[in-house]
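# Examining the three-dimensional arrangement
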Amino acid sequence: FSAAGTQGWNFNAQNIILDLDQLTNPTEVKFPANYLSNNGAAWKGFYIDRVSVELPEDISMAAGNSTTFSANNIILDSEGMTCRADGVNILDISTGNVGGWAYSIDSISVNIFKNSFVNAHVAGKMGIGILDAEIDYQGLIFKDNNNNYSFNAGVFTKVISMQKRGKNTLEILVADTIPANMSL
């Protein structure tokens, strides 16, 4: 649906449930593993299978594609919020720029369990100017049992011709850390 005065904004919600029954839980609610250990069948709360919003093309940062944000398996109850939130076509490679290198954010997802961050995943492409090629990347941010955050990243590509010569350097600076450099 679209709300009046919001031309180009498209909203969608599927399977909305309000459960106040203390004897049984709706079978449509998709509880994560170990979620009901304290509540059992007495769970009460609000559930949405999926909600999404598609942005108008004029504010989308992904050329020719609609940017969409969604959340799935949303549980709102006395324990807080649990869901997986996603975004697709966030930033087109023709728009993104890090240190002169083109990049895109094709998708991002964040998992939340009872109001606590669990992990996040990001994927896209990086343009390697010297190679006149694009490579796919993926990254994962997660929190361990000691509340420390870690970031793992990987780069994936098909065979790239190395006929061009030169050197590109990407420098990443984060406050209060040691600078990292990557050279090709």
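Below, the discussion takes up the overall build of the protein. Within the protein, the secondary structure is distributed over 0 helices and 10 strands. Shown N-terminal to C-terminal, the secondary structure of the protein runs as helices and strands in the order β-β-β-β-β-β-β-β-β-β. The proportion of buried residues among the 184 residues of the protein is 30%. Partitioning the intrachain contacts of the protein with sequence separation of at least 6 by distance along the chain shows that 39% fall at a separation of at least 24.

A few words now on a nonpolar patch on the surface. On the surface, Ile-141, Tyr-149 and Phe-151 cluster together to form a nonpolar patch covering roughly 320 Å² of accessible area. With respect to the secondary-structure elements, Tyr-149 resides in strand β8 (residues 149–156).

Moving on, we come to the sheet that holds strand β2 (residues 45–54). With respect to topology, 8 strands assemble into an open sheet ordered β1-β2-β3-β4-β5-β6-β7-β8, the strand pairing being antiparallel. Here the strands that pair on one side only, and so sit at the sheet edges, are β1 (10–19) and β8. When strand polarity is set aside, the average angle formed by the axes of neighbouring strands in this sheet is 10°. Across 9 bridges, β1 lies against β2 in antiparallel orientation. Among the inter-strand pairings, Gln-14 is bridged to a residue of β2, identified as Arg-50.

On average, residues of the protein score 80 in pLDDT, and 79% of them reach the 70 mark or higher. Confidence drops under a pLDDT of 50 for residues 178–184, and excluding neighbours within four residues, the segment shows 20 contacts in the predicted structure.

Here we take up the pattern of salt bridges. In the structure shown here, the tally under the stated rule is 4 salt bridges. Put simply, Asp-49 and Lys-30 hold a salt bridge, and the shortest N to O gap is 3.0 Å. Placement of the pair is Asp-49 in strand β2 and Lys-30 in the loop between β1 and β2, with a sequence separation of 19 residues. Judged by its relative accessible area of 17%, Asp-49 falls in the buried class. Assessed through its relative accessible area of 45%, Lys-30 is described here as partly exposed. Where Lys-125 meets Asp-136, a salt bridge forms, and the shortest distance between an N and an O atom there is 3.7 Å.

Think of a pair of aromatic rings as described by two things: how far the centres are apart, and how the planes are tilted against each other in angle. Per the counting criterion, the structure on display carries 5 aromatic pairs. Measuring from centroid to centroid gives 5.7 Å for Phe-117 and Tyr-149, while their planes differ by 45°, and the two rings are tilted. Taken together, the residues span a long stretch of sequence, with Phe-117 in strand β6 (residues 116–128) and Tyr-149 in strand β8 at a distance of 32 residues. When its relative accessible area of 24% is taken as the criterion, Phe-117 is described as partly exposed.

Ile-90, Leu-91, Trp-101, Ile-105, Val-122, Met-126, Ile-128, Ile-130, Leu-131, Ala-133, Ile-135 and Tyr-137 together form the largest nonpolar core, which totals 12 residues. Listing elements by their share of this core, those giving two or more residues are β4 (80–98), β5 (101–113), β6 and β7 (133–143). Formed by 6 residues, the second largest nonpolar core is a distinct cluster that contains Ile-17, Tyr-35, Tyr-47 and Ile-75.

Next up on the list: unusual backbone geometry. A positive phi angle, near 70°, is found at Asn-115, a position not held by glycine. The backbone phi angle of Asn-147 is positive, close to 65°, even though this residue is not glycine. On the secondary structure map, Asn-147 appears in the loop between β7 and β8. On the basis of relative accessible area, Asn-147 is assigned to the exposed category, the value being 53%.

Criteria and cut-off values
Residues numbered from 1 in each chain as written. Predicted model: local features only at pLDDT ≥ 70, side-chain atom pairs only at ≥ 80, totals over all residues. Heavy atoms only, no water. Helix = DSSP H or I, 4+ residues; strand = E, 2+ residues; numbered from the N terminus. Buried < 20%, exposed > 50% of the residue type's maximum accessible area, 1.4 Å probe, protein only. Contact = heavy atoms within 4.5 Å. Patch = residues over 30% accessible without salt bridge, like charges linked within 9 Å, V, L, I, M, F, W, Y side chains within 5 Å. Areas by Shrake-Rupley, 256 points an atom, 1.4 Å probe, with all protein chains shown as cover. Salt bridge = Lys/Arg side-chain N within 4 Å of Asp/Glu carboxyl O. Pairing = 2+ DSSP bridges. Axes fitted to C-alpha atoms, helices over the stretch in contact; angles between N-to-C directions. pLDDT = per-residue confidence, 0-100. Phe/Tyr/Trp six-rings, centres within 6.5 Å; stacked < 30°, edge-to-face > 60°. Core = buried A, V, L, I, M, F, W, Y, C linked by side-chain atoms within 4.5 Å.

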